[in-house]
Amino acid sequence: SRVSILGSWLRPYTDKTVEAFAKNGTKELAIATPAFVSDCLETLEEIAMEGEEIFHEAGGKDFTTVPCLNDDPNWVALLAKWIQAWNKKALTVS
């Protein structure tokens, strides 16, 4: 996505970077999206599907997308811990 309330998106753009890696001889590439805690259209379509297509068309071989945290039990437990701590603090302040 290149839409932002700031008028421009972070650079370098993912699609151009993926293409450059393949054109420069990278044959294996794994992409993680740490800004996303769950897979969404942007991570699944734009990065996983389109990214893989761009990488292969530019000469890359193996393309992997590291899944987001989604509903991983460790992530859910951490969120629950944070919420419980926040709730306990909120009740103490009230």
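This structure is a prediction, so every number in the text was calculated from the model and none was measured.

A grouping of E45, E46, E50, E52, E53 and E57 is seen on the molecular surface, where their side chains present a negatively charged patch. Along the chain, the position of E50 falls in helix α2 (residues 41–57). With relative accessibility at 36%, the residue E50 sits in the partly exposed group.

The next thing to look at is unusual backbone geometry. Where the residue is not glycine, phi is negative for most of them; where a peptide bond is considered, it is trans in most cases. Even without glycine at this site, N70 takes up a positive phi of about 45°. In this fold, N70 is placed in the loop between β2 (62–65) and α3 (73–93).

Quick look at the pairing of β2 now. Sheet topology note: the strand β1 (residues 28–31)/β2 ladder contains four bridges and is parallel. Note on β2: the bridge partner recorded for L29 is F63. As for the winding sense of the linkage, the β-α-β connection from β1 through α2 to β2 is right-handed.

This part covers α2. The sharpest bend along α2 comes to roughly 30°, located at G51. Among the residues of α2, those classed as buried are E42, T43, I47, A48, G51 and F55. Where α2 is buried, its residues contact α1 (14–23), β1 and β2.

What follows deals with the side chain of T33. Residue position: T33 is located in the loop between β1 and α2. What makes T33 buried here is its relative accessible area of 11%. Excluding residues that lie within four positions of it along the chain, T33 makes contacts with T43, I47 and C68.

What follows deals with the packing of aromatic side chains. Inspection of every chain in the model, using the stated rule, returns two aromatic pairs. Considering the side-chain rings of F55 and F63, the 5.8 Å spacing of their centres and the 50° angle between planes classify their relative orientation as tilted. Taken as a pair, F55 and F63 share a single burial class, namely buried.

Here is what the cut-offs are and how they apply
Position labels on residues start from 1 in each chain and follow its written sequence. Per-residue local features of the predicted model are confined to residues with pLDDT of at least 70, and side-chain atom pairs are confined, for both listing and counting, to 80 or more; whole-chain, interface and lining totals are unaffected and use all residues. Where side-chain values are given, they derive from all heavy atoms of the structure, hydrogens and water being excluded. A patch consists of residues whose relative accessible area exceeds 30% and which take part in no salt bridge; residues with like charges are grouped when within 9 Å of each other, and nonpolar side chains (Val, Leu, Ile, Met, Phe, Trp, Tyr) when within 5 Å. Surface exposure here means Shrake-Rupley accessible area, sampled with a 1.4 Å probe, where a residue is shielded only by the protein chains that are shown. When a carboxyl oxygen of Asp or Glu is within 4 Å of a side-chain nitrogen of Lys or Arg, the pair counts as a salt bridge. Only four residue types enter the tally: Lys and Arg on the positive side, Asp and Glu on the negative side; His and the chain ends are excluded. Where a charge sits is defined by one atom per residue type, namely NZ (Lys), CZ (Arg), CG (Asp) or CD (Glu). Put simply, DSSP marks the helices as runs of H or I at least four residues long and the strands as runs of E at least two long, and each gets a number from the N terminus on. The buried label goes to any residue with under 20% of its type's maximum accessible area, the exposed label to any with over 50%, and the partly exposed label to all in between, with areas taken from a 1.4 Å probe on protein chains only. Following DSSP output, two strands are said to pair if at least two bridges run between them. The handedness of a crossover follows from its direction of travel: if, with the strands pointing away from the viewer, the path from the first strand over the helix to the second runs clockwise, the crossover is right-handed. Note on bend: at a given residue it equals the angle between the axes fitted to the 7 residues ending there and to the 7 starting there. It only takes one pair of heavy atoms within 4.5 Å for two residues to be counted as in contact. Any two rings among Phe, Tyr and Trp, with Trp reduced to its six-membered ring, count as a pair given centres within 6.5 Å; such a pair is stacked if its planes are under 30 degrees apart, edge-to-face if over 60, and tilted if neither.

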